[in-house]
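So the chains spell out like this:
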Amino acid sequence: MANVVAKVPAAAVAAGGLVGGYAVARFTKKRPLGGAVLAVAGAAAAQQWRQRAGAKTGAALSAAYVAGFAGSHPLAKKVGAWPAVLGVAGSVALASWVMVDRRR
């Protein structure tokens, strides 16, 4: 499994975790299950970030991932849930691509 995830760009893993975590929580009505998806994908992306770009970049992108998750909640009150989740997922994915993935 780790070999498969390593071939997927970290940007896609991170965006998939944010969108997938929200989708699982929303459609199953089980927030802890969505949180598990969010956490597993975040950990996989963080590992890729650290391995490919170092500890500082990994920590910065991990912080962006967590901030995106947290920030999507108040943003959802202004623009709606899906636009908020897609917006933060796109922002984290873009940061990941710029800082890590485009170098590969």
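Residues numbered from 1 in each chain as written. Predicted model: local features only at pLDDT ≥ 70, side-chain atom pairs only at ≥ 80, totals over all residues. Heavy atoms only, no water.

Let's shift gears to the nonpolar core. Side chains of nonpolar character tend, in soluble globular proteins, to be buried together. Within the largest apolar cluster, 18 residues are counted, with the highest numbers of intra-cluster contacts made by Val13, Ala14, Leu18, Ala45, Trp49, Tyr65 and Val92. Taken together, the elements giving at least two residues each to this core come down to α2 (10-28), α3 (31-53), α4 (55-79) and α5 (81-99). (Core = buried A, V, L, I, M, F, W, Y, C linked by side-chain atoms within 4.5 Å. Buried < 20%, exposed > 50% of the residue type's maximum accessible area, 1.4 Å probe, protein only. Helix = DSSP H or I, 4+ residues; strand = E, 2+ residues; numbered from the N terminus.)

This paragraph deals with the UniProt feature "transmembrane region" (unreviewed entry) in the chain. The sites that carry the UniProt feature "transmembrane region" (unreviewed entry) are, in the present numbering, residues 6-25 and 81-100. Between the end C-alpha atoms of residues 81-100 the distance is 28 Å, and the span holds 95% helix and 0% strand. (UniProt positions renumbered as here; feature names shortened; annotations may be inferred.)

Take the packing of α2 against α5 next. One way to put it is that α2 packs onto α5 with a least axis distance of 7 Å and a crossing angle of 160 degrees. On the basis of the axis angle, α2 is roughly antiparallel to α5. Considering the relative orientation of α2 and α5, their crossing is right-handed. The residues of α5 that touch α2, namely those facing Ala10, Ala11, Ala14, Ala15, Leu18, Val19, Tyr22, Ala23, Arg26 and Phe27, are Ala81, Trp82, Val85, Leu86, Val88, Ala89, Val92, Ala93, Ser96 and Trp97. Classifying every residue of the contact of α2 with α5 gives 18 nonpolar, 1 polar and 1 charged. (Axes fitted to C-alpha atoms, helices over the stretch in contact; angles between N-to-C directions. Parallel < 35°, antiparallel > 145°, perpendicular 65-115°, else oblique. Left-handed = near helix turned anticlockwise from the far one by under 90°. Contact = heavy atoms within 4.5 Å. Nonpolar A, V, L, I, M, F, W, Y, C, P; charged D, E, K, R; others polar.)

Our focus in this paragraph is the pattern of salt bridges. Scanning all chains against the criterion turns up 1 salt bridge. Two residues, Asp101 and Arg52, come together in a salt bridge whose shortest N-O distance is 3.5 Å. Remark: Arg52 occurs in helix α3 and Asp101 occurs in the segment after α5; sequence separation between them is 49 residues. The class of Asp101 is buried, set by a relative accessible area of 9%. Look at Arg52 and you get partly exposed, because its relative accessible area is 26%. (Salt bridge = Lys/Arg side-chain N within 4 Å of Asp/Glu carboxyl O.)

What follows is about the packing of α3 against α4. Here α3 crosses α4 at 155 degrees, and the two axes come no closer than 7 Å. In terms of their interaxial angle, α3 and α4 are classed as roughly antiparallel. Note that α3 runs across α4; the crossing there is right-handed. Note on element contacts: α4 touches α3 through Ala55, Thr57, Gly58, Leu61, Ser62, Tyr65, Phe69 and His73, opposite Arg31, Leu38, Ala41, Gly42, Ala46, Trp49, Arg50 and Ala53.

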